[in-house]
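In case you want the letters, here they are:
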Amino acid sequence: MEVRRSARRRRTVTAYRDGDTLVVLIPAKMSRAEEEHWVAEMERKLQRTEHRRASPARASDTALALRCAQLSARYLENADGPASVRWVPPMRTRWASCTPSDATIRVSERLRDVPSWVLDYVLVHELAHLQVAGHNARFWALVHRYPKAERAIGYLEGLSAAAGWGISELDNDD
């Protein structure tokens, strides 16, 4: 943990993670007792946010399959789910892929640390490919049943650009 005091900061307290380090920014005039209070408070808030953002589907292929079933029920009217869904080593040009002919979905491990709503979008996208192989209007109508689709697309585009990965979209193998 690292506490940074700032003479310019008057009232606000901010915290963020830099790798494994919790960085807390506080006003320079804050007492040691106030510092201890705010460090504990900000650590608790950050942990709560991180826990809320983390998808339980990260845990295993089985958890990923369970999440697919939940998303299919909610957004795709219980359409047939995949025969298999699994985490795979990072793909060069894709976030995930689907082979409709054998109903398999593969999800790049690069997505293990994205917010749950982004992973959910990727899963809905691939589940929609089980019904529609291409990226036509019918396909996008299915995908956009997921309310955060546009937001997730923007997140993934930004993540790819910032990391220099050159990943531009999700695709199917068929």
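Details of the structure are given in the entry above.
Quick caveat: nothing in here was measured; it's all calculated off a predicted structure.

### Comments concerning the nonpolar core
In step 1: Judged by nonpolar contacts, the single largest core of 34 residues is most densely connected at Leu64, Val107, Leu111, Leu119 and Tyr121.
In step 2: Secondary structure elements with two or more residues in this core: α2 (61-75), β4 (84-88), β5 (94-99), β6 (104-108), α3 (116-129), α4 (137-143) and α5 (149-163).
In step 3: Take this core: its biggest share by element is nine residues, from α3.
In step 4: Listed in part, the nine residues of the second largest apolar core include Leu22, Val24, Met30 and Met42.

### Regarding the pattern of salt bridges
In step 1: Here the structure, examined in full by the defined rule, presents eight salt bridges.
In step 2: Here Arg44 makes a salt bridge to Glu41, at a shortest N to O gap of 2.5 Å. Taken together, the residues span about one helical turn, with Arg44 and Glu41 both in helix α1 (residues 32-53) at a distance of three residues.
In step 3: With relative accessibility at 40%, the residue Arg44 sits in the partly exposed group.
In step 4: Using a relative accessible area of 17% as the deciding quantity, one classes Glu41 as buried.

### Quick look at the sheet that holds strand β3 (residues 21-27)
In step 1: Pairing within the open sheet is mixed, and its three strands lie in the order β1-β3-β2. With partners counted over all chains shown, the strands left at the sheet margins are β1 (2-6) and β2 (14-18), one partner each. For this sheet the average axis-to-axis angle between neighbouring strands, irrespective of direction, equals 25°.
In step 2: Pairing of β2 with β3, which is carried by five bridges, proceeds in the antiparallel orientation. Paired with Arg17 across the strands is Leu22, a residue of β3.

### Overview of the pairing of β5
Within a regular strand, side chains alternate between the sheet's two faces.
In step 1: By the criterion of burial, β5 is predominantly enclosed, with five of the six residues buried.
In step 2: Judged from the four bridges that link them, β5 and β6 form a sheet pairing that is antiparallel. Considered in β6, the bridge of Ala96 is made with Val107.
In step 3: The turn linking β5 back onto β6 is made up of four residues, and Ala103 within it adopts a positive phi angle of 55°.

What counts as what
- Residues numbered from 1 in each chain as written.
- Predicted model: local features only at pLDDT ≥ 70, side-chain atom pairs only at ≥ 80, totals over all residues.
- Heavy atoms only, no water.
- Core = buried A, V, L, I, M, F, W, Y, C linked by side-chain atoms within 4.5 Å.
- Buried < 20%, exposed > 50% of the residue type's maximum accessible area, 1.4 Å probe, protein only.
- Helix = DSSP H or I, 4+ residues; strand = E, 2+ residues; numbered from the N terminus.
- Salt bridge = Lys/Arg side-chain N within 4 Å of Asp/Glu carboxyl O.
- Pairing = 2+ DSSP bridges.
- Axes fitted to C-alpha atoms, helices over the stretch in contact; angles between N-to-C directions.

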